[in-house]
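Fold and geometry: a report
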Amino acid sequence: MGASLTYDSARRVLDAGIACAQEIGQPMNIAVVDDGGHLLAFGRMDGAIKASIDISTRKAVTSILMALPTEALTPLVQPGAELYGLEQTAGGLVAFGGGVPLYRDGEIVGAVGVSAGSVEQDVAVAKAAAAALEG
């Protein structure tokens, strides 16, 4: 049996993401999923746009399904690119930044998805959240 993401670990990831979002002054929706893409922890900060509830969760699921940060998919899904149309598969994947895999002992155990700011802000918060598990 491989490593697994516990609720306590998911909360640590979520709390680190919230702290980073507060630091940059951007309310966010933050979703943490396990290695099967199932939601373990979620936070919607006051003022975070409601559309981003679904987007943050889909970013986390996309990241775990593809085993990549979602920002790595952006160039691959452009018209004429190798994975054009990918976003239409698996119930609607998200191919822009804000989803980051979570690793423990070199194994993917889940992912975090962040949405409600600019893509750059979403990526920064997701990376800060993921670092809480690694540290």
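Overview of the structure.

The rules behind each value
- Residues numbered from 1 in each chain as written.
- Predicted model: local features only at pLDDT ≥ 70, side-chain atom pairs only at ≥ 80, totals over all residues.
- Heavy atoms only, no water.
- Helix = DSSP H or I, 4+ residues; strand = E, 2+ residues; numbered from the N terminus.
- Buried < 20%, exposed > 50% of the residue type's maximum accessible area, 1.4 Å probe, protein only.
- Contact = heavy atoms within 4.5 Å.
- Pairing = 2+ DSSP bridges.
- Axes fitted to C-alpha atoms, helices over the stretch in contact; angles between N-to-C directions.
- Parallel < 35°, antiparallel > 145°, perpendicular 65-115°, else oblique.
- Left-handed = near helix turned anticlockwise from the far one by under 90°.
- Polar contact = N/O pair within 3.5 Å; in protein donor to acceptor, adjacent residues only side chain to side chain.
- Core = buried A, V, L, I, M, F, W, Y, C linked by side-chain atoms within 4.5 Å.

Section: the overall build of the protein chain
- On a plain count of helices and strands, the protein chain comes out with 3 helices and 4 strands.
- Listing the helices and strands of the protein chain from first to last along the sequence gives α-β-β-α-β-β-α.
- A principal-axis box enclosing the C-alpha atoms of the protein chain has dimensions of 40 × 40 × 20 Å.
- For the protein chain, with 135 residues in total, the buried portion stands at 44%.
- In the protein chain, of all internal contacts separated by at least 6 residues, the share reaching a separation of at least 24 is 63%.

A word on the pairing of strand β2 (residues 39–44)
- In this sheet, β2 lies alongside strand β1 (residues 29–34) in antiparallel orientation, the contact comprising 5 bridges. Directly across from isoleucine 30, in β2, lies its bridge partner glycine 43.
- Between β1 and the antiparallel strand that follows it, β2, lie 4 residues; glycine 37 among them carries a positive phi value of about 85°.

So, the environment of alanine 124
- Looking at the element boundaries, alanine 124 is found in helix α3 (residues 119–134).
- When its relative accessible area of 37% is taken as the criterion, alanine 124 is described as partly exposed.

Comments concerning the packing of helix α1 (residues 7–24) against α3
- Here α1 crosses α3 at 140°, and the two axes come no closer than 7 Å. When the axis of α1 is compared with that of α3, the two are oblique. The two elements α1 and α3 cross, and the hand of that crossing is right-handed. Of the residues in α3, those in contact with Ser9, Arg12, Val13, Ala16, Gly17, Cys20, Ala21 and Ile24 of α1 are Gln121, Ala124, Val125, Ala128, Ala129, Ala130, Ala132 and Leu133.

A short note on the side chain of lysine 59
- Here lysine 59 lies in helix α2 (residues 51–66).
- Taking the relative accessible area as the measure of exposure, lysine 59 reaches 0% and is therefore buried.
- Separated by 2.8 Å, the side chain of lysine 59 and the backbone oxygen of glycine 97 make a polar contact.

Describing the nonpolar core
- Judged by nonpolar contacts, the single largest core of 23 residues is most densely connected at Met28, Val32, Leu102 and Val112.
- Excluding anything up to four places from it in sequence, methionine 28 contacts Ala21, Gly43, Arg44, Met45, Ala48, Val114, Ser115, Ala116, Gly117, Gln121, Asp122 and Val125.
- Core analysis: the next-biggest nonpolar cluster, separate from the first, contains 5 residues, Leu73, Leu86, Leu93 and Ala95 among them.

Concerning the environment of cysteine 20
- With respect to the secondary-structure elements, cysteine 20 resides in helix α1.
- Judged by its relative accessible area of 14%, cysteine 20 is buried.
- Once the C-alpha coordinates of cysteine 20 and alanine 124 are considered, the two residues, 104 residues apart in sequence, prove to be 8.1 Å apart.
- With sequence-adjacent residues up to four places away left out, cysteine 20 is seen in contact with Ala124, Val125 and Ala128.

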